[in-house]
Amino acid sequence: MPNKYRGEIGAELGGRQRTLVLTLGALAELESAFGAGDLMTLAERFGSGRVSSRDLIRIIGAGLRGAGEAVSDDDVAVMTVEGGAAGFVRIAADLIGATFDESGAP
């Protein structure tokens, strides 16, 4: 069961209920993937509201790996979610919201 106080969220991905969390390691992974030099740059990128499908795969993959799942971004790319693309956007938004406060600060 996800612990909201640790920044965890729950989501059904690929037909299974899963936990996602952006640990420090997962955030470092995203900084590298997005070419962000620090957490503030990463938070600003997320706060822009513009994400690609590839961004969603990376964010969700990092969240799953942060929670201990052994999945690759390729594994995430073939998962299904209720609501299709909008469902993936909702999961990523919930995960980012659980990680950063409203000001965008870590």
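Below, the structure is looked at part by part. (Residues numbered from 1 in each chain as written. Predicted model: local features only at pLDDT ≥ 70, side-chain atom pairs only at ≥ 80, totals over all residues. Heavy atoms only, no water.)

1. Focus on the packing of helix H3 (residues 53–66) against helix H5 (residues 85–99)
Phase 1 of the analysis: Two elements in contact, H3 and H5, have axes whose closest approach is 10 Å; the angle formed by their N-to-C orientations is 55°. One finds that H3 runs oblique with respect to H5. Read as a crossing pair, H3 and H5 show a hand that is left-handed. Contacts between H3 and H5 pair Leu 56, Ile 59, Ile 60 and Gly 63 from the former with Phe 88, Val 89, Ile 91, Ala 92, Leu 95 and Ile 96 from the latter. (Axes fitted to C-alpha atoms, helices over the stretch in contact; angles between N-to-C directions. Helix = DSSP H or I, 4+ residues; strand = E, 2+ residues; numbered from the N terminus. Parallel < 35°, antiparallel > 145°, perpendicular 65-115°, else oblique. Left-handed = near helix turned anticlockwise from the far one by under 90°. Contact = heavy atoms within 4.5 Å.)

2. So, H5
Phase 1 of the analysis: Taking 1.5 Å as the rise per residue, H5 with 15 residues should run 21 Å; its terminal C-alpha atoms sit 21 Å apart, in good agreement.
Phase 2 of the analysis: Among the residues making up H5, those that are buried are Gly 87, Phe 88, Ile 91, Ala 92, Leu 95 and Ile 96. Seen end-on, H5 carries its buried residues on one side only, within an arc spanning 170°.
Phase 3 of the analysis: As for H5, its buried residues are in contact with strand E1 (9–13), strand E2 (16–20), helix H2 (39–47) and H3. (Expected span 1.5 Å × (residues − 1). Buried < 20%, exposed > 50% of the residue type's maximum accessible area, 1.4 Å probe, protein only. Arc of directions from axis to C-beta.)

3. Considerations on the packing of aromatic side chains
Phase 1 of the analysis: In this structure the tally under the stated criterion is 2 aromatic pairs.
Phase 2 of the analysis: Residues Phe 34 and Phe 46 carry aromatic rings whose centres are separated by 6.0 Å and whose planes lie at 90° to one another, so their mutual orientation is edge-to-face. Separated by 12 residues along the polypeptide, Phe 34 in helix H1 (residues 24–34) and Phe 46 in helix H2 bring together distant segments of the chain. For the pair Phe 34 and Phe 46, a shared accessibility class is recorded, and that class is buried.
Phase 3 of the analysis: An aromatic cluster of at least three residues, connected via ring pairs, comprises Phe 34, Phe 46 and Phe 100. (Phe/Tyr/Trp six-rings, centres within 6.5 Å; stacked < 30°, edge-to-face > 60°.)

4. Considering the pattern of salt bridges
Side chains that differ in sign of charge can pair as their charged atoms come close.
Phase 1 of the analysis: This model, assessed by the stated rule, comprises 7 salt bridges.
Phase 2 of the analysis: Taking the shortest distance from any N to any O, the salt bridge between Arg 6 and Glu 8 comes out at 3.2 Å.
Phase 3 of the analysis: Given a relative accessible area of 55%, Arg 6 falls into the exposed group.
Phase 4 of the analysis: Of the charged contacts in the structure, one is a salt bridge between Glu 69 and Arg 16, with a shortest N-O distance of 3.9 Å. In this pair, Glu 69 is assigned in the loop between H3 and helix H4 (73–77) and Arg 16 in strand E2, connecting sequence segments 53 residues apart.
Phase 5 of the analysis: Taking the relative accessible area as the measure of exposure, Glu 69 reaches 19% and is therefore buried.
Phase 6 of the analysis: Within the structure, one salt-bridge network assembled from shared partners comprises Arg 16, Arg 18 and Glu 69. (Salt bridge = Lys/Arg side-chain N within 4 Å of Asp/Glu carboxyl O.)

5. As for the nonpolar core
Phase 1 of the analysis: Counting 29 residues, the largest nonpolar core has Leu 13 and Leu 20 as the members making the most contacts within it.
Phase 2 of the analysis: At the level of secondary structure, the elements contributing two or more residues to this core comprise E1, H1, H2, H3 and H5.
Phase 3 of the analysis: Take this core: its biggest share by element is 6 residues, from H3. (Core = buried A, V, L, I, M, F, W, Y, C linked by side-chain atoms within 4.5 Å.)

6. Details of the side chain of Arg 18
Phase 1 of the analysis: Tracing the backbone shows Arg 18 in strand E2.
Phase 2 of the analysis: With relative accessibility at 8%, the residue Arg 18 sits in the buried group.
Phase 3 of the analysis: Side-chain polar atoms of Arg 18 contact the side chain of Glu 69, separated by 2.7 Å.
Phase 4 of the analysis: When neighbours within four sequence positions are excluded, Arg 18 is seen to be in contact with Ile 9, Gly 10, Ala 11, Leu 13, Leu 64, Glu 69 and Met 79. (Polar contact = N/O pair within 3.5 Å; in protein donor to acceptor, adjacent residues only side chain to side chain.)

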